[in-house]
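Per-entry structural report
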Amino acid sequence: MCRDSGKVRSKLQIAVTLKLEFIPIHMTQQSNFVKGETFNQEEGASVEFKEIKSPQPANKINTIVDHAEKYVVGFLNARIEGSLYSGIDDSGIIQGVPLDRNNRDEIDRGIPDKLRRTDPPIPHHYYEVTIHDILNLEREHIEDLCVVQIHVFKTEDKKYLYRTSGGSVYLKKGSACPKLNSEEILQINKTRTQVHLRKKADALDEKLKKEPNNRDLLSKRAEVATDMGDVDNMDRVYRKLLELDPKSPKIRIEYATAHKSIGDLEGALSILDEALKSDINDSSISKNKGLIFEELYRWSEAYLSYKDMLKKNPDDYTILTRIGVALRHRGKYSESIKFLNYALSKCPNYRLAKYEKKKTYSEIFKTGNTN
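Residues numbered from 1 in each chain as written. Predicted model: local features only at pLDDT ≥ 70, side-chain atom pairs only at ≥ 80, totals over all residues. Heavy atoms only, no water.

Thoughts on the packing of helix α8 (residues 265–277) against helix α9 (residues 283–295)
- Look at α8 against α9: their axes get within 10 Å of each other, and the N-to-C directions meet at 155 degrees. The orientation of α8 relative to α9 falls into the category roughly antiparallel. α8 and α9 meet at a crossing whose hand is left-handed. In contact with L265, A268, L269, L272, D273, A275 and L276 of α8, α9 contributes I285, N288, K289, I292, F293 and E295.
- Counted by class, the contact of α8 with α9 contains nine nonpolar, one polar and three charged residues. (Axes fitted to C-alpha atoms, helices over the stretch in contact; angles between N-to-C directions. Helix = DSSP H or I, 4+ residues; strand = E, 2+ residues; numbered from the N terminus. Parallel < 35°, antiparallel > 145°, perpendicular 65-115°, else oblique. Left-handed = near helix turned anticlockwise from the far one by under 90°. Contact = heavy atoms within 4.5 Å. Nonpolar A, V, L, I, M, F, W, Y, C, P; charged D, E, K, R; others polar.)

Now the structure itself:
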């Protein structure tokens, strides 16, 4: 019987050992903090010290919480793992912060509350708060004196930078944690966006090796190429999509829109013209051509595109409105009002037609032209 219980005990020990192997180990290092001694780490990219001098408990707590927000944001934006120690001076000497039990509870509540107000909010599992007791030189516990450590875990899941609750962006660089200006923020976001898109592109390319004719994958790859401004791959993928479905107006419009988004309006027009030559007579092709002509201030051509579309959709109040706009820009105010009124007769509550009609009357008043 004893042998059997020994076997059971052995199995339980194995089971517990296996289970413990899967428990996550926190990266916060437990150290002895002795007042007046030099801490066993130096300030740098992953370590920051802050001496807290304020004698008022409320001020001390607010200072610790504010530092926590700044440096957690800074570490996360730098994508490095690190710790902020409040209660250690710049030279690394352990001074401690006087905090009683109530003060410690306020810090335990205050830091998560503050970090929930960042943009985006910082999840609690991205950091760990540990309040270390302090010993004297005789290794005796000093009552109500401690070091507050905020340990930040490395994460790369965010494409953009974190902002504090006040809207500031910090980035841990070496032993500093500077506030970034708008130009620096823009450049970092741009770089990280490109890295993020490159990873997406590579992943899609791997999938397309196995499924080269998968239209959903091709559409996603075209979208990523467009966002990257990678015109060669954008054209290559859209040509492949058109090869698979040459009569699709949707693909033609998406292709034209992609060129339009990178500022190539003439290229977008060329794609739509090719669609019309291929007998793809979907009305949305003409509408998109008209909108591009508007951006190019080619109002006569915009008018002709909309008129062509109107033949197929004579009661489309959105097209009637666009014709009215094109006519106004051509100086034909009375005709413009006629088409805008016609649009409103089809849809009395169409706000754009109301706005464009008001704008046309304003132009008539300013110019004195009633043609």
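On we go from here.
Some remarks on the nonpolar core
- If you look at the biggest cluster of nonpolar residues, it comprises 48 residues, and the most contacted ones within it are Y238 and I323.
- Dropping the residues within four chain positions of it, Y238 is found in contact with A222, T226, I251, E254, Y255 and A258.
- By size, the runner-up hydrophobic cluster in this structure holds 26 residues, among which are V73, L115, C146 and C177. (Core = buried A, V, L, I, M, F, W, Y, C linked by side-chain atoms within 4.5 Å. Buried < 20%, exposed > 50% of the residue type's maximum accessible area, 1.4 Å probe, protein only.)

Structural notes on the side chain of K114
- Here K114 shows up in helix α3 (residues 101–115).
- When its relative accessible area of 16% is taken as the criterion, K114 is described as buried.
- Among all residues touching K114, those that are not within four sequence positions of it are V65, D66, E69 and S165.

Re helix α4 (residues 182–210)
- Over its 29 residues, α4 runs 43 Å from end to end, which matches the ideal 42 Å to within 8%, given 1.5 Å per residue.
- Those residues of α4 that sit buried are I185, I188, N189, R192, T193, L197, A201, L204 and L208.
- For α4, the secondary structure elements touched by its buried residues are α2 (57–78) and α5 (215–228).
- Put simply, N181 is the residue that caps the front of α4, since its side-chain oxygen is 3.1 Å from the backbone nitrogen of E183. (Expected span 1.5 Å × (residues − 1). Polar contact = N/O pair within 3.5 Å; in protein donor to acceptor, adjacent residues only side chain to side chain.)

Here's the deal with the packing of aromatic side chains
- Counted by the stated rule, this structure contains seven aromatic pairs.
- Their ring planes at 85 degrees and their centres at 5.9 Å tell us that F39 and F49 sit as a pair that is edge-to-face. Separated by 10 residues along the polypeptide, F39 in the loop between β1 (33–34) and β2 (47–50) and F49 in strand β2 bring together distant segments of the chain.
- Judged by relative accessible area, which is 1%, F49 ranks as buried.
- Seen from their ring centres, F39 and Y85 are 4.8 Å apart, and the 55 degrees between their planes marks the pair as tilted. (Phe/Tyr/Trp six-rings, centres within 6.5 Å; stacked < 30°, edge-to-face > 60°.)

Some words on the pairing of β2
- By the bridge criterion, four bridges tie β2 to strand β3 (residues 82–86) in an arrangement that is parallel. Residue pairing for β3: K50 is matched across the bridge by S86.
- Tracing the backbone out of β2, into α2 and back to the parallel element β3 gives a crossover that is right-handed. (Pairing = 2+ DSSP bridges. Right-handed = clockwise from strand over helix to strand, strands pointing away.)

Quick look at the packing of helix α12 (residues 333–346) against helix α13 (residues 351–367)
- Axis separation between α12 and α13 bottoms out at 9 Å; the angle between their running directions is 160 degrees. Between α12 and α13, the angle falls in the class roughly antiparallel. The chirality of how α12 crosses α13 is left-handed. Every residue of α13 that contacts α12 at Y333, S336, I337, L340, N341, A343 and L344 is listed here: A353, K354, E356, K357, T360, Y361, E363, I364 and T367.
- Across the contact of α12 with α13, the residue classes tally to eight nonpolar, four polar and four charged.

Some words on the pattern of salt bridges
- Counted according to the given criterion, the structure contains 21 salt bridges.
- Notably, a salt bridge pairs E274 with R252, separated by 3.5 Å at the nearest N-O pair. Of the two residues, E274 sits in helix α8 while R252 sits in helix α7 (residues 249–261), which places them 22 residues apart along the sequence.
- Exposure remark for R252: the relative accessible area of 6% places this residue in the buried category.
- When salt bridges with common partners are traced through the structure, they connect E266, R298 and E301 into a single cluster. (Salt bridge = Lys/Arg side-chain N within 4 Å of Asp/Glu carboxyl O.)

Digging into unusual backbone geometry
- Backbone torsion omega between D119 and P120 reads -5 degrees, so that peptide bond is classified as cis.
- Phi angles above zero are rare outside glycine, and R79 is one such case at about 60 degrees.
- Here R79 shows up in the loop between α2 and β3.
- Within the chain, Y297 stands out as a residue other than glycine whose phi angle is a positive 60 degrees.
- Looking at where Y297 falls in the secondary structure, it is placed in the loop between α9 and α10 (299–312).
- A relative accessible area of 65% places Y297 in the exposed class.

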